[in-house]
Amino acid sequence: MENWYVRRENETAGPLTLARMRELIQEDKLQKSDLVRRGEVGNLITAAHVLELFPDSGSSQPATQATETAPRKIYTAFISGLLIAVLATILAIGTFFWLKKVEAEHRAVSKKHLKQIGLAMKNYHDTFSTFPPGGTETPDGKPYLSWQTAILPYIKQAPLYNKVNFSRPWNHPQNHPLFKSEIDVYLNPAIEQTVSAEGLALTHYAGNKLVLKTNGFMNYRHIKDGTANTILAVEVAENFKPWGDPTNTVEPAKVFGSGKKSSFTGGNHLLISDGSVRFVTDQIDPELLKALSTPAGRERMDQFKD
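Residues numbered from 1 in each chain as written. Predicted model: local features only at pLDDT ≥ 70, side-chain atom pairs only at ≥ 80, totals over all residues. Heavy atoms only, no water.

**Details of the packing of aromatic side chains**
(1) Moving on: Counting across every chain of the model gives 7 aromatic pairs.
(2) Moving on: Measuring from centroid to centroid gives 4.6 Å for Tyr124 and Phe128, while their planes differ by 40 degrees, and the two rings are tilted. One end of the pair is Tyr124 and the other is Phe128, both in helix α2 (residues 70-128) and 4 residues apart, which spans about a single turn.
(3) Moving on: An angle of 85 degrees between the planes, with centres 5.3 Å apart, marks the rings of Phe131 and Tyr220 as edge-to-face. Separated by 89 residues along the polypeptide, Phe131 in the loop between α2 and β5 (135-137) and Tyr220 in the loop between β8 (205-208) and β9 (231-235) bring together distant segments of the chain.
(4) Moving on: Among the residues examined, Tyr220 registers a relative accessible area of 30% and is labelled partly exposed.
(5) Moving on: We note Arg37 situated over the ring of Tyr5; from NZ or CZ to the ring centre the distance is 5.0 Å.
(6) Moving on: One Lys or Arg, Arg107, reaches over the ring of Phe279 and ends 3.7 Å from the middle of that ring. (Phe/Tyr/Trp six-rings, centres within 6.5 Å; stacked < 30°, edge-to-face > 60°. Helix = DSSP H or I, 4+ residues; strand = E, 2+ residues; numbered from the N terminus. Buried < 20%, exposed > 50% of the residue type's maximum accessible area, 1.4 Å probe, protein only. Lys NZ or Arg CZ within 6 Å of the ring centre and 35° of its normal.)

**Comments concerning the sheet that holds strand β11 (residues 249-250)**
(1) Moving on: What the 5 strands build is an open sheet, ordered β11-β8-β9-β12-β13; its pairing is mixed. Only two strands of the sheet have a single partner each, and these edge strands are β11 and β13 (277-281).
(2) Moving on: The pairing of β8 with β9 spans 3 bridges and is antiparallel. Across the sheet, residue Ala206 finds its bridge partner in β9, namely Val234. (Pairing = 2+ DSSP bridges.)

**Thoughts on the pairing of strand β1 (residues 4-8)**
(1) Moving on: The sheet contact formed by β1 and strand β2 (residues 11-16) spans 4 bridges and is antiparallel. Bridging from a neighbouring strand, Val6 pairs with Ala13 of β2.
(2) Moving on: Counted along the chain from β1 to the antiparallel partner β2, the turn is 2 residues long, and its residue Glu9 has a positive phi close to 55 degrees.
(3) Moving on: Looking at chain direction, β1 and strand β3 (residues 35-38) are connected through 4 bridges and run antiparallel. Note that in β3 the partner of Tyr5 across the bridge is Arg37.

**So, the pairing of β9**
As a general feature of sheets, a regular strand has side chains that alternate between the two faces.
(1) Moving on: β9 sits mainly inside the fold: 5 of its 5 residues count as buried.
(2) Moving on: Sheet topology places β9 next to strand β12 (residues 267-272); 3 bridges connect them, and they run antiparallel. In the strand pairing of β12, Ala233 is matched with Leu271.

**Some thoughts on a nonpolar patch on the surface**
(1) Moving on: Taken together, the side chains of Phe78, Leu82, Val86, Leu87 and Ile90 make up a nonpolar region of the molecular surface, amounting to roughly 510 Å² of accessible area.
(2) Moving on: For Leu82, the location among the structural elements is in helix α2.
(3) Moving on: Residue class for Leu82 comes out partly exposed when judged on its relative accessible area of 43%. (Patch = residues over 30% accessible without salt bridge, like charges linked within 9 Å, V, L, I, M, F, W, Y side chains within 5 Å. Areas by Shrake-Rupley, 256 points an atom, 1.4 Å probe, with all protein chains shown as cover. Salt bridge = Lys/Arg side-chain N within 4 Å of Asp/Glu carboxyl O.)

**Thoughts on unusual backbone geometry**
(1) Moving on: At Ser129, a position not held by glycine, the phi torsion is positive, near 60 degrees.
(2) Moving on: Looking at the secondary structure, you find Ser129 in the loop between α2 and β5.

**Overview of the sheet that holds β2**
(1) Moving on: Spatial strand order, β2-β1-β3-β4: 4 strands in an open sheet with antiparallel pairing. One side of each edge strand has no neighbouring strand; the edge strands of this open sheet are β2 and β4 (45-46).
(2) Moving on: Against the sheet, helix α1 (residues 18-26) makes contact with β1, β2 and β3, and its axis sits at roughly 130 degrees relative to β2, the strand it touches most. (Contact = heavy atoms within 4.5 Å. Axes fitted to C-alpha atoms, helices over the stretch in contact; angles between N-to-C directions.)

**Digging into the side chain of His125**
(1) Moving on: Checked against the element boundaries, His125 lands in helix α2.
(2) Moving on: Contact partners of His125, with chain neighbours within four places excluded, come to Thr130, Phe131, Met218, Asn219 and Tyr220.

**What to know about the nonpolar core**
(1) Moving on: The biggest cluster of nonpolar side chains holds 33 residues, and the ones touching the most others in it are Ile117, Met121, Ile151, Ile183, Tyr186 and Trp243.
(2) Moving on: Put simply, the parts of the chain that give this core at least two residues each are α2, β6 (143-146), α3 (147-150) and β9.
(3) Moving on: In terms of residue count, the dominant contributor to this core is α2 (5 residues).
(4) Moving on: Discounting residues that sit within four places of it in the chain, Tyr186 has contacts with Ile117, Gln148, Ile151, Leu152, Ile155, Leu202, Thr203, His204, Tyr205 and Trp243. (Core = buried A, V, L, I, M, F, W, Y, C linked by side-chain atoms within 4.5 Å.)

**What to know about helix α6 (residues 286-293)**
(1) Moving on: Residues of α6 that are buried include every one of Leu288, Leu289, Ala291, Leu292 and Ser293, and no others.
(2) Moving on: Elements that come into contact with the buried residues of α6 comprise β8, β9 and α5 (252-255).
(3) Moving on: Residue Asp285 occupies the N-cap position of α6, its side-chain oxygen lying 3.0 Å from the main-chain nitrogen of Glu287. (Polar contact = N/O pair within 3.5 Å; in protein donor to acceptor, adjacent residues only side chain to side chain.)

What follows is the structure in structure tokens.
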């Protein structure tokens, strides 16, 4: 026969039999709000929750099951809140470092792509003794073909290049479908948009309009400021154009710098005319950026150092 114990305020009575417990209920000496325990060990629970004592109470709970007191509930809530805060902090820190790692990987790939474009431009120059025009257009001003179309054979895209009809503009029905082909070298992996609304494959790099001029021819001898001090192409962070678009050239100072969107945190990559690629902060001196954009401005560029 198990012993029962009753506690009210700071007084505990027992051991008592189950029959005696029921008698106390009949005598109105044991109330639903009293704490009881069946057995010598265990935690006290509210009598109203014990079916053996109050079968009509509506809910039951084994008399040996622990019931949390108010201080214990507060402690449990505090520990739970603390654990949630710690886990949230760990998650935030982990996410921060993961994003930094991903951006570093994207930067490395984009830099590699610009280097490949730089090598392609050099090989084109070695073949034709000039860089390709920034774009070609007809005498009446209609855009024809782009500089990125011209260097396709030098980025392992000769089959695509050979399909282009150079006697037709890029948007001619015969050529237009070709420019829906995405070219990995022309894409920055940090940017999700790779296709225009018209379904044309985009590029995330633009030529320097001051060097790669429309219908123009620029070779190393024309770069009086030095190939190491002249921008050839830049990463762009918005307003992307299809790689086949003959108008895909920009003035670097108008798309890059303070107050303008950057491809990566703090800056963009620049392809220099000597084939090197530099990551330049978006806080670069605007006058220095303008100087780096001109091929023969004779400006001083002492600040442009590694």
